[in-house]
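Understanding the architecture of this molecule
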Amino acid sequence: MNIKFALAGNPNCGKTTMFNALTGANQYVGNWPGVTVEKKEGKVKGNKEDNITVVDLPGIYSLSPYTLEEVVSRDFLLNEDPDVIIDLVDATNIERNLYLTTQLIETGVPVVIALNMADLIEKRGLKIDTKRLSMVLGCPIIETSALKGTGLKELIAEAVKVAKQGEHQLPQSIFSEKIEKAIDTVVPVLSETITANKKRWYAVKVLENDEKVMNHIVLSSQNKTTIDSLRKELETELD
Ligand code: BGO
(Lines give C-alpha, C1' and ligand atoms only; values in the text may rest on other atoms or scores of the structure.)
Protein backbone atom coordinates (compact mmCIF):
# COMPACT_ATOMS: atom_id res chain seq x y z
CA MET A 1 0.00 0.00 0.00
CA ASN A 2 1.18 3.56 -0.74
CA ILE A 3 1.18 5.58 2.47
CA LYS A 4 2.05 9.23 3.03
CA PHE A 5 3.27 10.50 6.42
CA ALA A 6 3.61 14.22 7.13
CA LEU A 7 6.27 14.91 9.75
CA ALA A 8 5.40 18.01 11.78
CA GLY A 9 6.77 19.68 14.88
CA ASN A 10 8.23 22.79 16.52
CA PRO A 11 11.74 23.93 15.58
CA ASN A 12 14.35 21.98 17.61
CA CYS A 13 12.02 19.12 18.51
CA GLY A 14 14.37 16.70 16.70
CA LYS A 15 12.56 16.60 13.35
CA THR A 16 15.69 16.55 11.18
CA THR A 17 17.18 13.79 13.33
CA MET A 18 13.91 11.82 13.10
CA PHE A 19 13.57 12.37 9.34
CA ASN A 20 17.12 11.11 8.79
CA ALA A 21 16.58 8.14 11.10
CA LEU A 22 13.36 7.17 9.27
CA THR A 23 14.63 7.60 5.72
CA GLY A 24 18.43 7.20 5.84
CA ALA A 25 19.94 8.18 2.50
CA ASN A 26 16.60 7.71 0.83
CA GLN A 27 15.65 11.39 0.58
CA TYR A 28 15.13 14.18 -1.93
CA VAL A 29 15.50 17.87 -1.19
CA GLY A 30 13.75 20.62 -3.15
CA ASN A 31 11.61 23.67 -2.51
CA TRP A 32 7.92 23.98 -1.75
CA PRO A 33 6.13 25.26 -4.89
CA GLY A 34 6.47 29.01 -5.39
CA VAL A 35 8.48 29.70 -2.23
CA THR A 36 12.08 29.38 -1.11
CA VAL A 37 11.26 27.10 1.81
CA GLU A 38 13.13 23.80 1.69
CA LYS A 39 11.04 20.68 1.11
CA LYS A 40 12.39 17.30 2.11
CA GLU A 41 10.76 14.05 1.15
CA GLY A 42 11.96 10.49 1.64
CA LYS A 43 11.01 6.83 1.77
CA VAL A 44 10.85 4.99 5.08
CA LYS A 45 13.72 2.52 5.10
CA GLY A 46 13.41 -1.11 6.04
CA ASN A 47 9.64 -1.40 5.49
CA LYS A 48 9.18 -3.94 2.69
CA GLU A 49 5.43 -4.36 3.01
CA ASP A 50 4.40 -0.80 2.20
CA ASN A 51 5.68 2.09 0.14
CA ILE A 52 5.86 4.85 2.75
CA THR A 53 6.72 8.43 1.81
CA VAL A 54 7.58 10.90 4.56
CA VAL A 55 7.13 14.60 3.83
CA ASP A 56 9.06 16.78 6.25
CA LEU A 57 7.06 19.92 7.00
CA PRO A 58 8.93 23.07 8.07
CA GLY A 59 9.44 23.51 11.84
CA ILE A 60 6.53 25.64 13.08
CA TYR A 61 4.96 26.74 16.37
CA SER A 62 1.40 26.97 15.06
CA LEU A 63 -0.74 26.60 11.97
CA SER A 64 -1.73 30.28 12.00
CA PRO A 65 -0.75 31.44 8.53
CA TYR A 66 1.57 34.30 9.52
CA THR A 67 4.89 32.89 8.33
CA LEU A 68 5.70 31.24 5.00
CA GLU A 69 6.48 28.03 6.87
CA GLU A 70 3.06 28.03 8.50
CA VAL A 71 1.29 28.71 5.19
CA VAL A 72 3.22 25.89 3.47
CA SER A 73 2.43 23.42 6.28
CA ARG A 74 -1.21 24.35 6.48
CA ASP A 75 -1.77 24.19 2.69
CA PHE A 76 -0.08 20.81 2.55
CA LEU A 77 -2.17 19.32 5.37
CA LEU A 78 -5.44 20.65 3.97
CA ASN A 79 -4.90 20.08 0.26
CA GLU A 80 -2.55 17.12 -0.10
CA ASP A 81 -4.35 14.70 2.21
CA PRO A 82 -1.50 12.86 3.93
CA ASP A 83 -2.68 9.60 5.54
CA VAL A 84 -1.19 10.43 8.92
CA ILE A 85 0.56 13.33 10.62
CA ILE A 86 3.48 12.23 12.77
CA ASP A 87 3.63 15.05 15.29
CA LEU A 88 7.03 15.21 16.91
CA VAL A 89 6.70 16.58 20.43
CA ASP A 90 9.77 17.50 22.46
CA ALA A 91 8.99 15.76 25.75
CA THR A 92 11.30 18.16 27.62
CA ASN A 93 9.23 21.12 26.40
CA ILE A 94 5.85 19.48 26.30
CA GLU A 95 3.59 22.39 27.22
CA ARG A 96 4.85 24.62 24.44
CA ASN A 97 4.86 21.79 21.87
CA LEU A 98 1.29 20.66 22.57
CA TYR A 99 -0.08 23.96 21.25
CA LEU A 100 0.80 22.87 17.70
CA THR A 101 -0.51 19.37 18.49
CA THR A 102 -4.01 20.70 19.25
CA GLN A 103 -3.97 22.58 15.95
CA LEU A 104 -2.79 19.54 13.99
CA ILE A 105 -5.56 17.43 15.54
CA GLU A 106 -8.06 20.10 14.53
CA THR A 107 -7.20 19.64 10.81
CA GLY A 108 -9.01 16.28 10.87
CA VAL A 109 -5.98 14.41 9.52
CA PRO A 110 -5.20 11.48 11.87
CA VAL A 111 -2.32 12.29 14.22
CA VAL A 112 0.20 9.96 15.86
CA ILE A 113 2.39 11.69 18.44
CA ALA A 114 6.07 10.82 18.67
CA LEU A 115 7.02 11.92 22.18
CA ASN A 116 10.63 12.59 21.35
CA MET A 117 13.67 13.09 23.61
CA ALA A 118 12.33 10.24 25.76
CA ASP A 119 15.97 9.46 26.67
CA LEU A 120 16.32 12.88 28.35
CA ILE A 121 13.08 12.40 30.29
CA GLU A 122 14.36 9.05 31.55
CA LYS A 123 17.75 10.54 32.40
CA ARG A 124 16.05 13.24 34.48
CA GLY A 125 14.06 10.59 36.34
CA LEU A 126 10.75 11.94 35.03
CA LYS A 127 7.72 9.99 33.82
CA ILE A 128 5.03 11.27 31.48
CA ASP A 129 1.60 9.65 31.76
CA THR A 130 1.31 8.93 28.01
CA LYS A 131 -1.78 6.74 28.48
CA ARG A 132 -3.72 9.58 30.04
CA LEU A 133 -2.38 12.17 27.61
CA SER A 134 -3.31 9.92 24.69
CA MET A 135 -6.84 9.58 26.07
CA VAL A 136 -7.23 13.34 26.54
CA LEU A 137 -5.92 14.16 23.05
CA GLY A 138 -7.60 11.21 21.33
CA CYS A 139 -4.51 10.04 19.45
CA PRO A 140 -1.82 7.39 19.96
CA ILE A 141 1.49 8.39 21.58
CA ILE A 142 4.76 6.56 21.06
CA GLU A 143 7.83 7.48 23.11
CA THR A 144 10.88 7.94 20.88
CA SER A 145 14.47 9.01 20.90
CA ALA A 146 15.37 10.04 17.37
CA LEU A 147 18.97 10.42 18.55
CA LYS A 148 19.26 6.88 19.94
CA GLY A 149 16.87 5.33 17.42
CA THR A 150 14.49 3.96 20.05
CA GLY A 151 10.73 3.69 19.52
CA LEU A 152 11.05 4.21 15.76
CA LYS A 153 9.79 0.76 14.76
CA GLU A 154 6.80 1.16 17.09
CA LEU A 155 6.15 4.64 15.69
CA ILE A 156 6.14 3.43 12.07
CA ALA A 157 3.94 0.45 12.96
CA GLU A 158 1.41 2.67 14.76
CA ALA A 159 1.33 5.24 11.95
CA VAL A 160 0.88 2.48 9.33
CA LYS A 161 -1.93 0.98 11.43
CA VAL A 162 -3.71 4.34 11.61
CA ALA A 163 -3.20 4.90 7.85
CA LYS A 164 -4.67 1.49 7.06
CA GLN A 165 -7.71 2.05 9.27
CA GLY A 166 -8.69 4.43 6.50
CA GLU A 167 -11.34 6.23 8.52
CA HIS A 168 -10.50 9.71 9.63
CA GLN A 169 -10.93 10.25 13.34
CA LEU A 170 -12.98 13.37 13.92
CA PRO A 171 -11.37 15.85 16.28
CA GLN A 172 -12.89 15.87 19.74
CA SER A 173 -14.64 18.79 21.42
CA ILE A 174 -11.96 20.71 23.28
CA PHE A 175 -13.33 24.24 23.67
CA SER A 176 -15.87 25.73 26.10
CA GLU A 177 -19.53 24.80 25.66
CA LYS A 178 -20.29 28.15 24.06
CA ILE A 179 -17.51 27.86 21.46
CA GLU A 180 -18.42 24.26 20.68
CA LYS A 181 -22.04 25.36 20.13
CA ALA A 182 -20.85 28.09 17.76
CA ILE A 183 -18.77 25.50 15.85
CA ASP A 184 -21.83 23.24 15.61
CA THR A 185 -23.79 26.14 14.10
CA VAL A 186 -21.13 26.90 11.47
CA VAL A 187 -20.39 23.30 10.36
CA PRO A 188 -23.74 22.70 8.56
CA VAL A 189 -23.50 25.93 6.53
CA LEU A 190 -20.12 25.01 5.05
CA SER A 191 -20.03 23.83 1.46
CA GLU A 192 -20.25 20.12 0.62
CA THR A 193 -16.93 20.44 -1.17
CA ILE A 194 -15.26 20.55 2.25
CA THR A 195 -14.85 16.96 3.42
CA ALA A 196 -16.53 15.94 6.68
CA ASN A 197 -13.26 15.51 8.58
CA LYS A 198 -12.13 19.05 7.71
CA LYS A 199 -15.41 20.85 8.43
CA ARG A 200 -14.63 21.42 12.10
CA TRP A 201 -11.28 23.00 11.23
CA TYR A 202 -12.91 25.31 8.67
CA ALA A 203 -15.65 26.22 11.18
CA VAL A 204 -13.03 27.21 13.79
CA LYS A 205 -11.22 29.34 11.20
CA VAL A 206 -14.48 30.98 10.08
CA LEU A 207 -15.16 31.93 13.71
CA GLU A 208 -11.61 33.29 13.97
CA ASN A 209 -12.32 35.32 10.80
CA ASP A 210 -9.19 33.83 9.24
CA GLU A 211 -8.56 35.92 6.12
CA LYS A 212 -7.28 33.08 3.93
CA VAL A 213 -10.20 30.81 4.77
CA MET A 214 -12.78 33.59 4.40
CA ASN A 215 -11.42 34.30 0.89
CA HIS A 216 -11.71 30.62 0.03
CA ILE A 217 -15.30 29.85 1.05
CA VAL A 218 -18.69 31.09 -0.09
CA LEU A 219 -21.39 32.00 2.47
CA SER A 220 -24.89 33.34 1.91
CA SER A 221 -25.52 36.83 3.34
CA GLN A 222 -27.87 35.29 5.93
CA ASN A 223 -25.16 32.87 7.08
CA LYS A 224 -22.63 35.71 7.12
CA THR A 225 -24.89 37.69 9.47
CA THR A 226 -25.39 34.66 11.75
CA ILE A 227 -21.63 34.07 11.88
CA ASP A 228 -20.89 37.77 12.55
CA SER A 229 -23.21 37.76 15.55
CA LEU A 230 -21.71 34.46 16.82
CA ARG A 231 -18.24 36.03 16.60
CA LYS A 232 -19.38 39.10 18.54
CA GLU A 233 -20.89 36.89 21.28
CA LEU A 234 -17.66 34.89 21.55
CA GLU A 235 -15.51 38.02 21.60
CA THR A 236 -17.50 39.36 24.57
CA GLU A 237 -17.09 36.02 26.35
CA LEU A 238 -13.33 35.93 25.75
CA ASP A 239 -12.77 39.60 26.77
C1 BGO B 1 22.24 19.04 18.46
N2 BGO B 1 17.18 12.82 22.23
C3 BGO B 1 18.18 13.70 22.46
N4 BGO B 1 18.83 13.60 23.62
N5 BGO B 1 18.53 14.66 21.58
C6 BGO B 1 17.85 14.70 20.42
C7 BGO B 1 16.80 13.81 20.09
C8 BGO B 1 16.45 12.82 21.06
O9 BGO B 1 15.53 12.02 20.89
N10 BGO B 1 16.34 14.14 18.86
C11 BGO B 1 17.07 15.17 18.44
N12 BGO B 1 17.99 15.52 19.37
P13 BGO B 1 17.15 18.59 15.20
P14 BGO B 1 14.85 20.16 14.36
C15 BGO B 1 23.23 19.32 19.51
O16 BGO B 1 22.39 19.31 17.29
O17 BGO B 1 16.87 17.27 14.60
C18 BGO B 1 18.94 16.63 19.34
O19 BGO B 1 15.12 21.62 14.48
C20 BGO B 1 24.44 19.88 19.16
N21 BGO B 1 24.70 20.16 17.83
O22 BGO B 1 20.85 15.92 18.08
O23 BGO B 1 18.15 19.45 14.53
C24 BGO B 1 19.72 16.72 18.04
O25 BGO B 1 15.13 19.62 13.00
C26 BGO B 1 25.36 20.13 20.18
O27 BGO B 1 21.10 18.48 18.87
O28 BGO B 1 15.82 19.44 15.41
C29 BGO B 1 20.04 18.20 18.01
O30 BGO B 1 13.49 19.81 14.85
C31 BGO B 1 25.05 19.82 21.49
O32 BGO B 1 18.20 17.84 19.41
C33 BGO B 1 18.82 18.85 18.63
C34 BGO B 1 23.84 19.27 21.79
O35 BGO B 1 17.53 18.34 16.71
C36 BGO B 1 17.82 19.37 17.62
C37 BGO B 1 22.93 19.03 20.79
C38 BGO B 1 25.94 20.74 17.43
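Residues numbered from 1 in each chain as written. Predicted model: local features only at pLDDT ≥ 70, side-chain atom pairs only at ≥ 80, totals over all residues. Heavy atoms only, no water.

Let us now look at helix 8 (residues 196-208). Counting buried positions over the 13 residues of helix 8 gives eleven, a clear majority of the element. Within helix 8, the full set of buried residues consists of Asn-197, Lys-198, Lys-199, Arg-200, Trp-201, Tyr-202, Ala-203, Val-204, Lys-205, Val-206 and Leu-207. Buried residues along helix 8 sit in contact with helix 2 (68-79), helix 3 (94-106), helix 7 (177-186), helix 9 (211-216) and helix 10 (221-238). Following helix 8 by one or two positions, Asn-209 has its phi on the positive side, about 60°. (Buried < 20%, exposed > 50% of the residue type's maximum accessible area, 1.4 Å probe, protein only. Helix = DSSP H or I, 4+ residues; strand = E, 2+ residues; numbered from the N terminus. Contact = heavy atoms within 4.5 Å.)

Here helix 1 (residues 15-23) has its buried residues at Lys-15, Met-18, Phe-19, Leu-22 and Thr-23. The buried side chains of helix 1 occupy one side of the element, clustering within an arc of 110° when seen end-on. Phi turns positive, to about 60°, at Gly-24, one or two residues after helix 1. (Arc of directions from axis to C-beta.)

Turning our attention to the pattern of salt bridges. Between side chains of opposite charge, a pair can form when the charged atoms approach closely. Inspection of the entire model under this criterion finds 13 salt bridges. Of the charged contacts in the structure, one is a salt bridge between Glu-49 and Lys-164, with a shortest N-O distance of 3.7 Å. Placement of the pair is Glu-49 in the loop between strand 3 (38-43) and strand 4 (51-56) and Lys-164 in helix 6 (residues 152-165), with a sequence separation of 115 residues. Take Lys-164: its relative accessible area is 39%, and that puts it in the partly exposed class. Between Asp-81 and Lys-198 there is a salt bridge, with its nearest N and O atoms 2.7 Å apart. (Salt bridge = Lys/Arg side-chain N within 4 Å of Asp/Glu carboxyl O.)

Considering all chains together, one arrives at two aromatic pairs under this definition. One residue, Lys-39, lies across the ring of Trp-32, its end atom 4.6 Å from the ring centre. (Phe/Tyr/Trp six-rings, centres within 6.5 Å; stacked < 30°, edge-to-face > 60°. Lys NZ or Arg CZ within 6 Å of the ring centre and 35° of its normal.)

We now examine the environment of Thr-195. One can find Thr-195 in the loop between helix 7 and helix 8. Taking C-alpha positions, Thr-195 is 13 Å from Glu-80, a pair spaced 115 residues apart along the chain. At 2.9 Å, the side chain of Thr-195 and the side chain of Asn-197 are in polar contact. (Polar contact = N/O pair within 3.5 Å; in protein donor to acceptor, adjacent residues only side chain to side chain.)

A separate point is the packing of helix 7 against helix 10. Between helix 7 and helix 10, the least distance of the axes is 11 Å, while the angle of their chain directions is 170°. When the axes of helix 7 and helix 10 are compared, the pair comes out roughly antiparallel. Packed against helix 7, whose contacting residues are Lys-178, Ile-179, Ala-182, Thr-185 and Val-186, the element helix 10 presents Thr-226, Ile-227, Leu-230, Glu-233, Leu-234, Glu-237 and Leu-238 at the interface. (Axes fitted to C-alpha atoms, helices over the stretch in contact; angles between N-to-C directions. Parallel < 35°, antiparallel > 145°, perpendicular 65-115°, else oblique.)

In short, geometric facts, not functional conclusions.
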